[in-house]
Amino acid sequence: MKRQRSVGRSLALLAVLGLGGSLATAPAPAAAEEPRPPQVEWGRCPDDVAAEAAPTELQCATVPVPLDYADPEGEQIDLTISRLAAADPEKRRGVLMLNPGGPGGSGLALSALLVAQGLPSSVTDRYDLIGMDTRGIGHSSPVGCGFTADSPYYANIPPYAVDDAAVTAQAKLSEQVAEQCASNDPDGRLRHLTTANTARDLDRIRAALGEEKTSYLGYSYGTALGAAYASMFPERADRIVLDSNIGDTHLDRDGMRRYALGMEQTFPDFAEWAARRHDSYGLGRTPAEVRRSYFAIAAKLDETPVAGLDGGMFRLLTFGYLFKETRYATLAQTWQTVREGDASAVRRLTAGRDGAADGAEPSPADNSLTVFLAVTCNDVEWPEDVDTYRRGVAEDRERYPLYGAAAANITPCAFWSHAPAEPPVKIDPEGPRNVLLLQNRRDVPTPHRGGELLREKFGDRARLVSVDDSGHGVYVLGKNSCALNTTTRYLVEGEMPAKDRSCPAD
């Protein structure tokens, strides 16, 4: 059982790289008069951030922001931000804020990752790259529900429900998790983790940096945050790039159910890849045979787990390794090993991927799991009736057989201890044409439909670049030259496509 949970935690971390009271009656206005910004004092980054960013040398600082924007002079929390200064001061045009997604992903070293992946020097010459741990994450006043290494809650995607009884069991666990989060939050800090508040934090950071406007590059859930900022502060949003879009300013039940759509659309790429390598992995000579292998392995593991790996975990593992083609070989190797039923080989293959301790020690994923839950549950109302999820699971098991019965399953948001303090941010189609949307046509957690939805909501403010590629992440993280060039021209020259664009495969 401990090994099973270890594998699950590892995959949950893969998926991060991205869902009453006084504030309900008096939410802070987005365009209120700016407070006097604090002085930013740059210095050495925390050791773990410096090590992750190496050899790139980043500077870090803290910026105080209100815990509760309805009480702006009340308790303040510190947010940690990082800076990779523009390489050519004469060409510098401002700051480019970065977000890796989640919610629950640390972004302090994201600039270094993008540089290592080939971020063009024309961008790094012109922008200070500003990374951050958003409120509640990492070095920014972190929160936790107290999840331990042996906790049965190890992923923010519910497990695949093979039948109604599995939904009922997951409902009981979800209720326990919601209660655990509430009991570990005596000061009520979790309720202030919302996308709207994080967008307000971005504007506080902008002001603290002395900038009239900020540009922004966000991936996955970072698109929801960027869409919220561009809607709440349109006059302060400069060049906005939203990459791998979830479809709105928040992750709701429909958005999570689209995970299953994304898996159906992306799986054929892996099936074709594996079929061409049948002589090596033996998973099927045709994509149809590979698909049948998936269902056969999952069903077998539903009945008899191997080394703690059950059918639900196998499906989650497959979901996670479809994020990038570079993971296909590991996925095929895992399928092959599991199908052969070699328990010791399965243990060797899955050992050490997350480095988590066993037993009742704190889980290294506690912080990221908690922030995902808090933001996702606080942003929007979720259905509370278990039967609603039971019906959804039955529908999506048929509609999206690969993963529908997982993505539609019940989460702790159904039992969250308080209702959202304010409505989710509504996308504002009025404003400058400055939102560039990037979307692969085949993407597991953020299928192409998410880009289409955001394009519809932003109207003429946005342009959508659709890329004939597979995987999660387009700009720099992907390999498409058309998308890379289009985005770089926009960030560097401000050249927005005149109309939506379709980028062919390289």
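Residues numbered from 1 in each chain as written. Predicted model: local features only at pLDDT ≥ 70, side-chain atom pairs only at ≥ 80, totals over all residues. Heavy atoms only, no water.

Novice: Which residues make up the state of the cysteines, and what are the values?
Specialist: Per the stated rule, a full pass over the model turns up four disulfides. Disulfide partner of Cys 482: Cys 503, at an S-S distance of 2.0 Å. Between Cys 482 and Cys 503, the S-S dihedral sits near -60°, and the bridge is therefore left-handed. A residue pair is termed long-range when its members are at least 10 positions apart, and Cys 482 in helix α19 (residues 481-493) and Cys 503 in strand β10 (residues 501-503) qualify at 21 residues. The exposure class of Cys 482 is buried, given its relative accessible area of 14%. Overall, Cys 503 belongs to the buried group, its relative accessible area being 0%. Look at the protein and number its bonded cysteines as they come in the sequence; the links are 1-2, 3-4, 5-6, 7-8. (Disulfide = S-S within 2.5 Å. Helix = DSSP H or I, 4+ residues; strand = E, 2+ residues; numbered from the N terminus. Buried < 20%, exposed > 50% of the residue type's maximum accessible area, 1.4 Å probe, protein only.)

Novice: Mind laying out the pattern of salt bridges, listing which residues take part and the relevant values?
Specialist: Inspection of the entire model under this criterion finds 27 salt bridges. In this structure, the salt-bridge partner of Arg 291 is Glu 264, at a minimum N-O distance of 3.2 Å. On the criterion of sequence distance, the pair formed by Arg 291 in helix α11 (residues 287-303) and Glu 264 in helix α9 (residues 253-275) is long-range, its members being 27 residues apart. Between Arg 442 and Asp 269 there is a salt bridge, and its shortest N-O distance comes to 2.8 Å. Highlighted residues: Arg 442 in strand β8 (residues 435-442) and Asp 269 in helix α9, separated in sequence by 173 residues. Residues joined in a network through salt bridges with shared partners are Asp 203, Arg 206, Glu 235 and Arg 236. (Salt bridge = Lys/Arg side-chain N within 4 Å of Asp/Glu carboxyl O.)

Novice: I'd love a proper account of the pairing of β8, names of residues and values included.
Specialist: Across the eight residues that make up β8, a large majority, seven, are buried. Bridge count between strand β7 (residues 237-243) and β8: four bridges; the pairing is parallel. Paired with Ile 240 across the strands is Val 435, a residue of β8. The sheet contact formed by β8 and strand β9 (residues 462-470) spans seven bridges and is parallel. Bridged to Leu 438 within β9 is Val 465. Of the crossover connections in this fold, the one passing from β8 over helix α18 (residues 448-458) to the parallel β9 is right-handed. (Pairing = 2+ DSSP bridges. Right-handed = clockwise from strand over helix to strand, strands pointing away.)

Novice: So what's going on with the packing of aromatic side chains? Residues and values would help.
Specialist: Tallied over the entire structure, the rule returns 17 aromatic pairs. What links up through ring pairs into an aromatic cluster is the set Phe 267, Phe 270, Trp 273, Tyr 281, Tyr 294, Phe 295, Phe 314, Tyr 328 and Trp 335. The residue whose ring lies beneath Arg 253 is Tyr 389, and the NZ or CZ to ring-centre distance is 5.1 Å. If you follow Arg 315 out to its NZ or CZ, it ends over the ring of Tyr 160, 3.8 Å from the centre. (Phe/Tyr/Trp six-rings, centres within 6.5 Å; stacked < 30°, edge-to-face > 60°. Lys NZ or Arg CZ within 6 Å of the ring centre and 35° of its normal.)

Novice: Outline the nonpolar core, listing residues and values.
Specialist: Counting 119 residues, the largest nonpolar core has Leu 242, Phe 267, Phe 270, Val 290, Trp 335 and Phe 458 as the members making the most contacts within it. Top contributing element to this core by residue count: α9, with 11 residues. In contact with Leu 242, other than residues within four places in its own chain, are Tyr 216, Gly 218, Gly 222, Thr 223, Gly 226, Ala 227, Val 435, Leu 436, Leu 437, Leu 438, Leu 454 and Phe 458. Membership of the second largest hydrophobic core comes to 34 residues, among which are Leu 119, Leu 438, Val 474 and Val 476. (Core = buried A, V, L, I, M, F, W, Y, C linked by side-chain atoms within 4.5 Å. Contact = heavy atoms within 4.5 Å.)

Novice: Can you break down the sheet that holds β8 residue by residue, with the values?
Specialist: Each strand in a sheet pairs with another by means of backbone hydrogen bonds, the pair being arranged parallel or else antiparallel. On the basis of which strands lie adjacent, the open sheet formed by 10 strands has the order β1-β2-β3-β5-β4-β6-β7-β8-β9-β10 and mixed pairing. Among the strands making up the open sheet, the edge pair consists of β1 (43-44) and β10. Of the strand pairs in this sheet, strand β6 (residues 214-219) and β7 are connected by five bridges, and their pairing is parallel. From the neighbouring strand, Gly 218 faces β7, where its bridge partner is Leu 242.

Novice: Explain the packing of α11 against helix α12 (residues 311-321) to me, using residue names and the numbers behind them.
Specialist: Put simply, α11 and α12 touch, their axes get as near as 7 Å, and they point 145° apart. Contacts between α11 and α12 involve Tyr 294, Ile 297, Ala 298, Ala 299, Leu 301 and Asp 302 on the former and, on the latter, Gly 311, Gly 312, Phe 314, Arg 315 and Thr 318. Class assignment of the residues belonging to the contact of α11 with α12 gives a composition of six nonpolar, three polar and two charged. (Axes fitted to C-alpha atoms, helices over the stretch in contact; angles between N-to-C directions. Nonpolar A, V, L, I, M, F, W, Y, C, P; charged D, E, K, R; others polar.)

Novice: Explain the side chain of Glu 264 to me, using residue names and the numbers behind them.
Specialist: The buried category is assigned to Glu 264, whose relative accessible area is 17%. Side chain to side chain, Glu 264 and Arg 291 meet in a polar contact 3.2 Å long. Discounting residues that sit within four places of it in the chain, Glu 264 has contacts with Arg 291, Tyr 400, Pro 401 and Leu 402. (Polar contact = N/O pair within 3.5 Å; in protein donor to acceptor, adjacent residues only side chain to side chain.)

Novice: Provide a residue-level description of unusual backbone geometry, including the pertinent values.
Specialist: In the segment running from Ala 54 into Pro 55, the intervening peptide bond is cis, with an omega of 10°. By the secondary structure assignment, Pro 55 is in the loop between α3 (47-53) and β2 (59-66). Omega for the bond connecting Gly 102 with Pro 103 falls within 30 degrees of zero, at -10°, which places this linkage in the cis form. Position of Pro 103 relative to the elements: it lies in the loop between β4 (94-99) and α4 (110-116).

Novice: Tell me about helix α16 (residues 386-399), and please be specific about residues and values.
Specialist: Taking 1.5 Å of rise per residue, the 14 residues of α16 would be expected to cover 20 Å, and the 20 Å separating its terminal C-alpha atoms lies within 8% of that figure. All of the buried residues in α16 are Thr 388, Tyr 389, Arg 390, Gly 392, Val 393 and Asp 396. (Expected span 1.5 Å × (residues − 1).)

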